[in-house]
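Structural features, examined
Each chain is listed here by its residues.
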Amino acid sequence: MKIDICHVYPITSGTAGTYINSIYNALKSNFKQELFVNYYYKFDYGKKIFYRFSDLSANITFFKKHNSIRRVLRFFELVYGLLYIFIYIKRNKVKILNYSLNSDLTIEYFFLRAIKQITKTKIAITCHDVLPFGVNLENIKESRKFKKKKSFFNIAHFLIVHNSNSIEELEKYYGIKGKHVIQSPFPVMDIKPFYQENSLPHDIIDILSGKEFIVSMIGYFRKEKGLNVLLKGWNIFSKNISNVQLILAGHFPEKSIIKDTPHNETIYFHDGFLEDGAYTELIKKSDVIVMPYLRGTNSGIPSSILSMDTIVITSDINMFKTNPLISEDLMFESNNAQQLAAILQMLYKNSDNIKERIKESNKVKLEKYESDFKRELIESYNTLLNFIEDQPKILP
């Protein structure tokens, strides 16, 4: 049996799996596909081969104390998964391997190298983040992280990106351009299937009680996410207002920001990732989710927020400026806390009328985006397959 596209995306447990689910469903009527995903992938199809035991052990006290053991277990699970996929590709004459680059381990590089040298399958790497996080852009080419990512990009026959900003970064920093870079739209990550009432932790339930205007930021709070900008903007906005609440829920790699933030009863830190039900419920209960990012390449969070009928405010970095789902009226200049505070003030003062108009507009945008996404994604993969069939000998 010949397979057109084989998708490999190990980080697909919980709501993260909505990314590849959206892609798979958009393509299924036009292409023969197979999907290799996390053991805890929510949906009832695909080969669920990754991280069954290491993901399960994440919440076990012993493995929390001895995380190195869990990492070793995770490594062997990854090796098993990649060997399984390699055998599958050899047997099924896969035309395109779509590999989602969420990590850049050496074993992954050797797997892709083996696919390239031993099989006729063409490698398409989906670049979720073109520039590695945590490096100085002024001397980025000297960074080990940059050099490692470049080796992955160079081994691929094609690179798939989700916006024009990524294309510019590939050319500027890596010298990669031309027909081997394919732009396809970022999928809508609809998280409604994960929604559960009464899933929030008790501490957040208590904090939200009686609040009329709830603003949240959720996720992994690395420096590039701009949390300091949100805190400054919130303090400007919330001065002398008592019935508002800012919830910051997720993982804080630098714990000092929790300790060093001046006491403010309207700000609450929940240090710990939320389960899927709680994650979706907090988005649903929030009036606004803020994404004050200073830098980024792609994010499925805006569509996730809109799928729960919640408003999103973002900074004006290119990642958001090129996203048709985000309104310019709800975008503030990156690193400008005063502008962020002004948008929060506008929504708070005119909450009933303006919020409903924004939500109705968001629904229209989301419906159009989903329709355009399916059409453009099919066109992107037709381009890949046609290029393989027309010019197989000139591929790198």
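Structure report, in brief. Given the structure is predicted, the values throughout are model-derived calculations rather than measurements.

This next bit is on the overall build of the protein. Of the regular secondary structure elements, the protein holds 15 helices and 13 strands. For 396 residues, the compact-globule estimate of 2.2 N^0.38 gives 21 Å, and the protein sits close to it at 22 Å. Here the C-alpha coordinates of the protein stretch approximately 70 × 45 × 45 Å along the principal axes. Among the 396 residues that make up the protein, the fraction classed as buried is 54%. Within the protein, counting contacts between residues at least 6 apart in sequence, those at least 24 apart form 68% of the total. About 19,200 Å² of surface is accessible on the protein, with carbon and sulfur atoms providing 50% of the total. Charge centroids of the protein, computed over 53 positive and 42 negative side chains, lie 9 Å from each other.

Tracing the chain through its elements places T126 in strand β5 (residues 122-127). Ignoring sequence-local partners within four residues, the contact set of T126 consists of Y19, N98, Y99, S100, L101, I160 and H162.

Let us now look at the sheet that holds strand β13 (residues 331-332). In any sheet, the strands associate via hydrogen bonds between backbone groups, in a parallel or an antiparallel arrangement. Strands sit in the order β10-β9-β8-β11-β12-β13 across an open sheet of six strands; the sheet is parallel. The two strands at the open ends of the sheet, each matched to only one other strand, are β10 (267-271) and β13. Relative to strand β9 (residues 244-251), strand β8 (residues 213-220) runs parallel, the two sharing eight bridges. Within the sheet, the bridge partner assigned to Y220 lies in β9 and is H251. Where helix α9 (residues 227-238) meets the sheet, it contacts β8, β9, β10, β11 (288-291) and β13, and its direction lies at approximately 165 degrees from that of β9. Docked against the sheet, helix α14 (residues 337-349) engages β8, β9, β11, β12 (311-315) and β13, running at close to 165 degrees with respect to β12.

What follows is about the packing of aromatic side chains. Under the defined criterion, the tally for this structure stands at 26 aromatic pairs. With centroids separated by 4.3 Å and ring planes inclined at 5 degrees, the aromatic side chains of F221 and F252 adopt a geometry described as stacked. Placement of F221 in the loop between β8 and α9 and of F252 in the loop between β9 and α10 (256-260) is noted, with a sequence separation of 31 residues between them. Ring pairs connect the aromatic residues Y24, Y41, F43, Y45 and F194, which therefore count as one cluster. Between K42 and the ring centre of F194, over which it is positioned, the NZ or CZ distance is 5.3 Å. Across from the ring centre of Y51, 3.7 Å away, lies the NZ or CZ of R74, which sits over that ring.

Cut-offs applied
- Residues numbered from 1 in each chain as written.
- Predicted model: local features only at pLDDT ≥ 70, side-chain atom pairs only at ≥ 80, totals over all residues.
- Heavy atoms only, no water.
- Helix = DSSP H or I, 4+ residues; strand = E, 2+ residues; numbered from the N terminus.
- Rg over C-alpha atoms; globule rule 2.2 N^0.38 Å.
- Buried < 20%, exposed > 50% of the residue type's maximum accessible area, 1.4 Å probe, protein only.
- Contact = heavy atoms within 4.5 Å.
- Areas by Shrake-Rupley, 256 points an atom, 1.4 Å probe, with all protein chains shown as cover.
- Lys, Arg positive; Asp, Glu negative; His and termini not counted.
- Charge placed at Lys NZ, Arg CZ, Asp CG, Glu CD.
- Pairing = 2+ DSSP bridges.
- Axes fitted to C-alpha atoms, helices over the stretch in contact; angles between N-to-C directions.
- Phe/Tyr/Trp six-rings, centres within 6.5 Å; stacked < 30°, edge-to-face > 60°.
- Lys NZ or Arg CZ within 6 Å of the ring centre and 35° of its normal.

Geometric descriptors of this kind do not, in isolation, establish any biological role.
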